[in-house]
Amino acid sequence: MNVSAGAHGKPLRAPRPALAHALAASVDFQRYFHWRRARDGDPFLVGFPGFGGGLFTGSPAGARELLRAPLELMVPPLPNPIEPLVGPASLILARDQRHRRDRALLAPAFHRARMTQYAEAIRDSVREEMDGRGAGPPWRPGARIDARTAARAITLRVILGAVLGIESPSRRAEYIAAVMRFLSTFSEPLMLVPSLRRSAFGHSPWDRFLAARDHLDTLLRAEIETRRAACTSGTDILAMLLAARYDDGAALTDDELLDQLRTLVVAGHETTATVLVWALYRLHRHPHALHRLRAELDPDAEPLAALELPYLDAVCSETLRLHPPVPIVLRRLTGPFTLCGVELGAGDTMGIAVPLLHSDPAVWPDAASFRPERFLERHYGPFEFAPYGGGHRRCLGAALADYELHIALATILSRSELALTPRYARGPRPLSVPHNIATGPRAGITFNVLSRPGQNRDLPHSSF
Ligand code: HEM
């Protein structure tokens, strides 16, 4: 990447050796960003072997410049590490007129007003997990819970219900197995090193990924075909997309539908799941915050009431601040643009390092501490706090994610008492590593179930 001198007058050079930097970033993304800001100031260049480089900023002024840049100058970076997952027609990869058109078609399905219809499904998905009807054991006193497995299962059920309207347990199990296989075969090396995407007579990691994707696509194509043939309407997102028409009256083709459905399933569950895990972890490392939150919860309240609780809202925001699951917001330029005093040209990539933005000392005093109260004391602007990105590409599922986080946390905490297992209660914080579309804890964080405050309330005794 060819850029001129930075605002501080020093020439900006891509860091060398490139591979060592890529490795350092993949071991601990957040620490790498902090180290680069301390070493090189803001903005700084980062190289991604196989994907080119990018100029990154973590300052509110830089974020404002990037998110307010003229739309016609910005497209998503291609090649993109997640392209094999989401597919070429995905909204995430669409540009220009096509992005505007597809976003207008998909956005109504994710409008905040529509999210209320998912509130009960979110609570039920949490209950299912806690009852032992999901991915893990029942949350009985003495049980050990892997929070990452539980959270993924909870959010995957929600997104499958919202997007495809799947209710039958056997069909849902079939989809869950297909999605899990699809995601687990897309390993970090395959994502980050395009040259590894090679076939070897059906036996390479890439072959296994393609087979898993084909299997998921077969299920999704059958779903699309059945729905088209039955001409039935429904309230799920697939029904909305089948009925949707572009301005010229055209409908989405099956291939386009397939890529959008895969995008929503992929983008719509691991992101939210990792935030849920971090929220549980942080709360249990900060007993005063857990205590204050519990005092706010009413176990008998309707799920939607969780959206009205100020401290719960602050806990969700503080977790998103410290653990943004999508830590970089990227744009590729189609023409000249100046970011933080650095002149960039067509083809250059610029990005926001979200963990740096969320720890700018001028905005966030004592930035490393988990202190939800800060969100009750002050309002933060869209260029200071941007876990969902911003501008014309702001996360489409932000409202759904907010509903899930609030309702899932309220349901879990009002129905169980958990304790981190000793390794996590006392040990260092687990590293955050990229996995598919989201960055999350390297290992599943484990909890022991101590008691079930809600066990008499809405579950049969026989299940415990
Ligand atoms: C806590 C959970 C989530 C976080 C933190 C998150 C974060 C993000 C971020 C940072 C972006 C890029 C925005 C930009 O470039 O300015 C994004 C894009 C996107 N997200 Fe999310 N996301 C979450 C959950 C979801 C969910 C639940 C869905 C869908 C159901 C979803 C669907 C999408 C889509 C389709 C895009 C691409 C939008 C576009 O390019 O126009 N996300 N998300």
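Refer to the structure printed above.
From a predicted model like this one, the values you see are computed outputs, not experimental measurements. (Residues numbered from 1 in each chain as written. Predicted model: local features only at pLDDT ≥ 70, side-chain atom pairs only at ≥ 80, totals over all residues. Heavy atoms only, no water.)

## Focus on the pattern of salt bridges
Taken as a whole and judged by the stated rule, the model has 26 salt bridges. The partner of Asp217 in a salt bridge is Arg262, with the nearest N and O atoms 2.8 Å apart. With Asp217 in helix α11 (residues 205-230) and Arg262 in helix α13 (residues 254-267), this pair connects stretches of sequence that are 45 residues apart. Classification of Asp217 by relative accessible area gives buried; the value is 11%. A salt bridge links Glu384 to Arg378; its shortest N-O distance comes to 2.8 Å. By relative accessible area, Glu384 is classed as buried at 16%. Given the relative accessible area of 36%, Arg378 is considered partly exposed. (Salt bridge = Lys/Arg side-chain N within 4 Å of Asp/Glu carboxyl O. Helix = DSSP H or I, 4+ residues; strand = E, 2+ residues; numbered from the N terminus. Buried < 20%, exposed > 50% of the residue type's maximum accessible area, 1.4 Å probe, protein only.)

## A closer look at the coordination of the iron atom of the ligand
Octahedral metal centres with six donors ideally show angles of 90 or 180 degrees, and tetrahedral centres with four donors ideally show 109.5 degrees. A lone protein donor contacts the iron atom of the ligand, and this donor is Cys395 (SG), found at 2.3 Å. Structurally, Cys395 can be placed in the loop between α18 (374-377) and α19 (398-415). (Donors = N, O, S within 2.8 Å, 3.2 Å for Na, K, Ca; no water.)

## Observations regarding the pairing of strand β8 (residues 349-353)
The buried fraction of β8 amounts to 5 of the 5 residues, a majority that puts the element mostly inside the structure. Because side chains alternate across β8, one face comprises the buried residues Thr349, Gly351 and Ala353, and the other comprises Met350 and Ile352, equally buried. Note: strand β5 (residues 328-333) against β8, 5 bridges, orientation antiparallel. By the bridge assignment for β8, Arg331 is matched with Met350. (Pairing = 2+ DSSP bridges.)

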